[in-house]
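Coordinate analysis (summary)
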Amino acid sequence: MFPVVAAGTLGTSTAREALEQLYASAHGAKWRASTRWLSGNVCRWHGIECDRSSHTTVVGIDLGDNRVSGTLPRHLAQLSEIKTLNIDASRLSGTLPAVLLSLAQMETLLLASNAALSGTVPHSLDAWASLRELDVAGTRLSGTLSPEVGALGHLQRLQLDHVFLSGTLPTELGWLGSARSMFTHSCKHLSGTLPTELGRASALQHVSFAATRLSGTIPSEIGELHQLRALWLVGTRLSGTLPRSIGGWHALRQLEIHGNRLSGTLPTGMSGLRLSRCVLTNSQGQHASAHHGAFSFPHRCVLTNSQGPLQPLHSLRPVDRARDDTNLFACPLPEVLPAPCRPSLVCHGVGGNRTRGLSTMAMQGRRRGGGRGGNKRRRGPPRVGLGVAT
């Protein structure tokens with residue numbers, strides 16, 4: 001299937017030749033750091049890691065954020081024992097060499113934030129059976145996410161955001177039992193529905209499918225993700241109601257689902273969520289900036305566009321803010337919403353009176369008190385319009 005290559009050890013010239021080719025094709029003379037490159041023992045070259053037992057086998061390349069430019073050479077396939085390849089936050093161009101799939105020991109592949117790196121998202125992902133991290137976010141990679149992704153039983157982080165991913169989400173994502181984070185946000189040509197099988201990926205903690213063309217409903221099976229800490233489904237075409245099963249997300253700290261076509265009654269189970277920041281409408285304030293890579297973000301919940309600009313917290317690349325209200329939740333609200341959910345919450349209650357930041361009980365009390373003066377009365381059934389306040 002793939003070319004047979006010699007082991008990447010110092011006992012042969014293959015490792016040195018492969019690294020020299022990398023230095024040449026990736027403009028090594030311009031790197032921020034290139035200590036000892038092209039002379040002496042390759043295991044002492046900057047960013048090169050060798051096996052600790054033999055001290056001869058190259059097992060890692062870490063040149064991230066090192067002003068690496070140019071292209072990746074096919075000769076990297078000669079490093080058959082390599083486990084880590086990190087050249088993120090760089091200026092790579094050209095295409096992703098398909099021969100990298102021959103590196104069967106690969107555990108970590110980090111090529112994110114190389115805006116000119118093109119090619120296709122690898123299809124034969126099962127060739128990387130030991131893969132734990134795959135991050136190609138912010139590149140020009142295109143294509144579809146292969147069902148073979150389900151064979152990556154050790155995968156913990158899948159980050160494909162801000163690429164030209166198309167097609168649909170494969171149901172095999174539910175087979176990723178070790179996955180903790182899964183990001184495909186800002187893939188504007190990604191369509192289809194949320195797979196019900198996603199609820200089987202029980203280790204998931206951070207999930208984002210924001211700013212895509214996903215449609216359909218939010219499956220109730222997603223409530224089985226009891227370790228979920230953050231869910232971003234902002235700016236898609238999802239419709240229907242919020243499943244009652246979200247009340248089981250006791251670890252959840254951040255929830256953003258505004259900018260969709262959701263409706264119905266907010267689940268009463270929301271009152272049990274321990275959200276320290278909850279944003280339901282764009283009128284509820286600005287979000288703090290993100291800290292890339294560490295998930296050290298302010299806790300928040302965004303259910304509608306009126307709660308602030310759309311920016312996935314795990315990304316330094318903000319997504320355009322949606323302007324129009326699209327989620328329309330029916331009254332009554334849960335009796336007790338998490339405290340951060342209440343400020344600036346616009347509720348179109350009985351008679352069209354608008355009420356901010358109130359639970360159902362408080363709304364009823366205000367109605368008995370006559371409501372606010374100056375509000376125009378509107379016809380139609382009572383409902384919550386969680387959107388831009390006027």
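One structure accompanies this document, and this report is about it. Predicted model only: the values in this text are computed from it and were never measured.

We now examine the environment of histidine 185. Take histidine 185: it is sitting in the loop between β11 (181–183) and β12 (189–191). Judged by its relative accessible area of 0%, histidine 185 falls in the buried class. C-alpha separation for the pair histidine 185 and phenylalanine 209, spaced 24 residues apart in sequence, amounts to 4.5 Å. At a separation of 3.3 Å, a polar atom in the side chain of histidine 185 contacts the side chain of serine 208.

This part is about the environment of arginine 74. With respect to the helices and strands, the residue arginine 74 is situated in the loop between β3 (69–70) and β4 (84–86). For arginine 74, a relative accessible area of 60% puts it in the exposed group. Separated by 25 residues in the primary sequence, arginine 74 and valine 99 have C-alpha atoms spaced 6.5 Å apart.

The next point concerns empty space enclosed by the protein. For the structure on display, the rule yields 2 cavities of 30 Å³ or more. One number sums up the size of the second largest cavity: a volume of about 40 Å³. Forming the boundary of the second largest cavity are Ile218, Leu231, Leu242, Ile246, Trp249, Leu255 and Ile257. When grouped by side-chain class, the residues that make up the lining of the second largest cavity number 7 nonpolar, no polar and no charged.

Our next topic: the nonpolar core. Ile61 and Trp249 are the most contacted members of the largest nonpolar core, which totals 79 residues. Counting residues per element, this core draws most heavily on helix α1 (residues 14–25), at 5 residues. The next biggest cluster of nonpolar side chains, apart from the first, holds 5 residues, and it includes Phe183, Ala210, Ala230 and Val234.

Here the focus is the side chain of serine 146. With respect to the secondary-structure elements, serine 146 resides in the loop between β8 (142–144) and β9 (157–159). Among the polar contacts made by the side chain of serine 146, one reaches the main-chain carbonyl oxygen of histidine 123 at a distance of 3.1 Å. Sequence-distant contacts of serine 146, that is, excluding residues within four places in its chain, are made with His123 and Pro170.

Moving on, we get to the pairing of strand β2 (residues 58–62). Among the 5 residues that make up β2, 4 are buried, leaving the element largely enclosed by the rest of the structure. Direction of pairing for strand β1 (residues 48–50) relative to β2: antiparallel, over a ladder of 3 bridges. Bridge pairing in β2 places isoleucine 48 opposite isoleucine 61. In terms of strand pairing, β2 meets β4 through 3 bridges, oriented parallel. The residue bridging aspartate 62 from the neighbouring strand is asparagine 86, located in β4.

Here is what the cut-offs are and how they apply
- Residues numbered from 1 in each chain as written.
- Predicted model: local features only at pLDDT ≥ 70, side-chain atom pairs only at ≥ 80, totals over all residues.
- Heavy atoms only, no water.
- Helix = DSSP H or I, 4+ residues; strand = E, 2+ residues; numbered from the N terminus.
- Buried < 20%, exposed > 50% of the residue type's maximum accessible area, 1.4 Å probe, protein only.
- Polar contact = N/O pair within 3.5 Å; in protein donor to acceptor, adjacent residues only side chain to side chain.
- 1 Å grid on protein atoms, 1.4 Å probe; cavity = no way out; pocket = protein on both sides within 12 Å on 5 of 7 lines; lining within 4 Å.
- Points joined across faces, edges and corners; volume = space filled by probe spheres on them.
- Nonpolar A, V, L, I, M, F, W, Y, C, P; charged D, E, K, R; others polar.
- Core = buried A, V, L, I, M, F, W, Y, C linked by side-chain atoms within 4.5 Å.
- Contact = heavy atoms within 4.5 Å.
- Pairing = 2+ DSSP bridges.

In short, shape yes, function no, at least from these values alone.
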